[in-house]
Amino acid sequence: MGWGSAGIKIFDPVATALIRADAPDRETILIGIISALQAEDWDTELDSLDRFLTDPPTVRAFAHHGITP
């Protein structure tokens, strides 16, 4: 069984904060976060990706892991 709450409790709030802060390195940061969550069996990546489709760095971070819309 996967870890469905990772997006709502961890990824989404962090990604939102990075976007609001206009963090220039957010793609790199999110690549690391996605890697760590996947190592813990995160299985709702697409749900989080759908929430951030308008942010190219976030979309690229997911694509780095083969997760695309």
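Everything that follows concerns the structure shown earlier in this document.
For clarity, every value in this text was computed on a predicted model and none was experimentally measured. Per chain, residues are indexed from 1 in the order of the written sequence. Only residues with pLDDT of 70 or above have their local features reported here, since the model is predicted, and side-chain atom pairs are shown and tallied only from 80 upward, although totals for entire chains, interfaces and linings are computed over all residues. To get the side-chain values, all heavy atoms of the structure are used, and hydrogens and water are removed first.

## Concerning the packing of helix α2 (residues 26-39) against helix α4 (residues 56-64)
Two quantities define a packed helix pair, namely the angle between the axes and the distance from one axis to the other. For clarity, the cut-off: Structural elements are reduced to axes, namely lines fitted to C-alpha atoms, with helices fitted over the stretch in contact, and the angle between N-to-C directions of any two is expressed from 0 to 180 degrees. The way it works is that DSSP assigns letters per residue, a run of H or I at least four long becomes a helix, a run of E at least two long becomes a strand, and they are numbered from the N terminus. Each angle receives one of four descriptions, namely roughly parallel if under 35 degrees, roughly antiparallel if over 145, roughly perpendicular if within 65 to 115, and oblique otherwise. Left-handed describes a crossing whose near helix is turned anticlockwise from the far helix by less than a right angle; the clockwise case is right-handed. Should any heavy atoms of two residues lie within 4.5 Å, those residues are counted as being in contact. Amino acids outside the nonpolar list (Ala, Val, Leu, Ile, Met, Phe, Trp, Tyr, Cys, Pro) and the charged list (Asp, Glu, Lys, Arg) are all regarded as polar, and Gly is one of them.
With their axes 8 Å apart at the nearest point, α2 and α4 run at an angle of 40° to one another. Judged on the interaxial angle alone, α4 and α2 are oblique. For the pair α2 and α4, the crossing hand works out as right-handed. Note on element contacts: α4 touches α2 through Pro57, Thr58, Arg60, Ala61, Phe62 and His64, opposite Arg26, Glu27, Leu30, Ile31 and Ile34. Residues of the contact of α2 with α4, tallied by class, amount to six nonpolar, two polar and three charged.

## Quick notes on the nonpolar core
To keep it simple, the criterion reads: Here, nonpolar core refers to any group of buried Ala, Val, Leu, Ile, Met, Phe, Trp, Tyr and Cys residues whose side-chain atoms link them within 4.5 Å. Buried, partly exposed and exposed residues are distinguished by accessible area as a fraction of the type maximum, computed with a 1.4 Å probe on protein chains only: under 20%, between the cut-offs, and over 50%, respectively.
Core analysis: the biggest nonpolar cluster contains 16 residues, and Phe11, Leu30, Ile34, Leu37, Trp42 and Phe62 have the highest contact counts within it. Secondary structure elements with two or more residues in this core: α1 (6-20), α2 and α4. With five residues, the top contributor of residues to this core is α2. Beyond its immediate sequence surroundings of up to four residues, Phe62 is in contact with Phe11, Ile34, Trp42, Glu45, Ser48, Leu49 and Ile67.

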